[in-house]
Amino acid sequence: MDRIRIRGGRPLSGEIRISGAKNAALPLMVASLLTAEPLVLSNLPRLADIATLARLLQALGVAVTETQGSDGSLALELCAADVTDTTAPYDLVRKMRATVLVLGPLLARFRRARVSLPGGCAIGTRPVDIHLKGLEHLGASITLQDGYIVAEAPHGLRGAHFQMPIVSVGATENLLMAAALAEGETVLGNAAREPEVSDLARCLVAMGAAISGIGSETLRIQGVARLGGCRYRVLPDRIETGSYAIAAAITGGDVRLLDTDPELIGALVEALAEAGVDIVPIAGGLRVLARRGEVRGVDLTTAPFPGFPTDMQAQAMALMATARGAAMITETIFENRFMHVPELARMGADIHVRGGSALVRGVPRLKGAPVMATDLRASMSLVLAGLAAEGETIVNRVYHLDRGYERLEAKLAQCGADIERLPE
Ligand code: UD1
């Protein structure tokens, strides 16, 4: 397995182009199942998760052709004119939880679907009960058989009101796609407002769906009989944006993040500003400047958008581990999302976890060490800690990073980081 070696302590300086959002790209690719016409998506990140989902769609009979966007980014043409299978098998689903998103579209267009119960990052139990309850509200009958979700709607889905018991990004996306082809009106209450959900909704509208309330907690979908193809550019990755903003902050650097938008990371921008990091909006992105030793500890609590993203919690903790003063970091979205804590501690961080909160007392300097993480964002927090640490850090299990950060070493190295991939 590849590893990444970082020799820390260099302030980053330069420019980083932000890729398209993985978490928007995945549901957008799945949306291709809703139509027999081609959907062309550009600004896709070149990531393992994108390849895994493309393989699953191909297994269902979707024709996937790689092309190039006008800006040189990866583009895919996805055409679901000849879907041959409505079963998403275990081998492909276990690699990535987002594969459960095929359930709604398959059910809406083909009236049946069989999807293996999902896997993905090991951050808590992560059930899919809300996805299933919502689809039942739309008229599906659902059973669990031999590790598979078996869903049927022989007479098609019917619009309904569904109030989601907790905010779920995936359930909102699944139901949005199902409702787009259901008969009549669907109202989704307590819907997730994450920018990736809105990106999916905008693409569905471009495909002919009738959706109002985009970006709010109530989505109204007037079902249509059929959807068509379109061309759609994926929005910038706000978690990649935030992660590199922290890379600049933790090294006391000066980095311009391009092809992105500070509005996507409002809660993080606020927290960084409070911590003493300068964030300056620039044309097509933002500039992040910090002085080493002058970042202060600030308390953070994760929450659904527009709150502080759970997907930035681990990276923010790395920053707080080197800040002046203490920070209380509270995780409210996932249980068991502090797996980076013992690894950061091996690098000299002073962190105590009690329940869903971690008290982080900043130390003047972290020390490089061999580390390993068990999920994507936790791995990034170790890279960030390594960039700030004295000496050498080896991050093991790089495949987690390859799921979510396109050309990580190249992007950091071009800003002066001493980072390289050590092949197996
Ligand atoms: C998505 C993101 C992930 C991010 C998360 C929260 C993708 C591909 N992944 O994941 O990076 O961390 O949003 O912002 O977009 N839950 C249930 N029952 C359900 C569904 C969810 O109890 O049926 C719970 C989850 O266990 C979790 C919370 O709801 O505690 C939020 O999960 P959800 O928003 O659904 O996350 P994902 O869509 O899986």
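Above this text sits the structure in question.
Here's a quick rundown of the structure.

Some points on the environment of histidine 340
In step 1: Mapping histidine 340 onto the fold places it in the loop between strand 19 (326-330) and helix 11 (341-346).
In step 2: Along the sequence, histidine 340 and threonine 374 sit 34 residues apart, while their C-alpha atoms lie 8.1 Å from each other.
In step 3: Apart from the residues within four sequence positions on either side, histidine 340 is in contact with Gln313, Ala314, Met317, Ala378, Ser381 and Leu382.

Concerning the site of the ligand
In step 1: Taken together, 19 residues are adjacent to the ligand, and Asp129, Ile130, Ser168, Asp311 and Ile333 come closest.
In step 2: Contact distances for the ligand include 3.3 Å between a nitrogen atom and a backbone N or O atom of proline 127.
In step 3: At 2.6 Å, a side-chain N or O of aspartate 129 approaches a nitrogen atom of the ligand.
In step 4: In isolation the ligand exposes 740 Å². Once the protein is present, 86% of that is buried.

Some points on the packing of helix 6 (residues 169-180) against helix 7 (residues 195-206)
In step 1: Running from N to C, helix 6 and helix 7 point in directions that differ by 10°, and their axes come no closer than 10 Å. With respect to helix 7, the axis of helix 6 lies roughly parallel. Between helix 6 and helix 7, the contacting residues are Val169, Thr172, Glu173, Leu176 and Met177 on the first element and Glu196, Val197, Leu200, Ala201 and Leu204 on the second.
In step 2: Of the residues contributing to the contact of helix 6 with helix 7, the split by class is 7 nonpolar, 1 polar and 2 charged.

Examining helix 1 (residues 22-30)
In step 1: Within helix 1, 8 of the 9 residues are buried, which leaves the element mostly enclosed by the surrounding structure.
In step 2: Restricting attention to buried positions, one finds in helix 1 the residues Lys22, Ala24, Ala25, Leu26, Pro27, Leu28, Met29 and Val30.

Describing the pattern of salt bridges
In step 1: In the structure shown here, the tally under the stated rule is 20 salt bridges.
In step 2: Here aspartate 49 and lysine 22 are joined by a salt bridge, their closest N and O atoms 3.4 Å apart. Residue aspartate 49 is located in helix 2 (residues 48-60), and its partner lysine 22 is located in helix 1; the two are separated by 27 residues in the primary sequence.
In step 3: Its relative accessible area of 2% is what places aspartate 49 among the buried residues.
In step 4: Judged by relative accessible area, which is 6%, lysine 22 ranks as buried.
In step 5: Among the ionic pairs, glutamate 343 bridges to arginine 346, the shortest N-O distance being 3.7 Å. Here glutamate 343 and its partner arginine 346 are both found in helix 11, 3 residues apart, which amounts to about one turn of the helix.
In step 6: Judged by its relative accessible area of 47%, arginine 346 falls in the partly exposed class.
In step 7: Here the salt bridges do not stand alone but share partners, grouping Asp2, Asp402, Glu409 and Arg421 into one network.

Regarding unusual backbone geometry
In step 1: The step from phenylalanine 305 to proline 306 runs through a cis peptide bond, and the omega angle for that step is 10°.
In step 2: For proline 306, the location among the structural elements is in the loop between strand 18 (300-301) and helix 10 (313-321).
In step 3: A positive phi angle, close to 70°, is found at arginine 111, a residue other than glycine.
In step 4: Along the chain, arginine 111 falls in the loop between helix 4 (103-110) and strand 7 (112-116).
In step 5: For arginine 111, a relative accessible area of 41% puts it in the partly exposed group.
In step 6: Phi at arginine 407 is positive, roughly 50°, even though this residue is not glycine.

What counts as what
- Residues numbered from 1 in each chain as written.
- Predicted model: local features only at pLDDT ≥ 70, side-chain atom pairs only at ≥ 80, totals over all residues.
- Heavy atoms only, no water.
- Helix = DSSP H or I, 4+ residues; strand = E, 2+ residues; numbered from the N terminus.
- Contact = heavy atoms within 4.5 Å.
- Near = heavy atom within 4 Å.
- Polar contact = N/O pair within 3.5 Å; in protein donor to acceptor, adjacent residues only side chain to side chain.
- Areas by Shrake-Rupley, 256 points an atom, 1.4 Å probe, with all protein chains shown as cover.
- Axes fitted to C-alpha atoms, helices over the stretch in contact; angles between N-to-C directions.
- Parallel < 35°, antiparallel > 145°, perpendicular 65-115°, else oblique.
- Nonpolar A, V, L, I, M, F, W, Y, C, P; charged D, E, K, R; others polar.
- Buried < 20%, exposed > 50% of the residue type's maximum accessible area, 1.4 Å probe, protein only.
- Salt bridge = Lys/Arg side-chain N within 4 Å of Asp/Glu carboxyl O.

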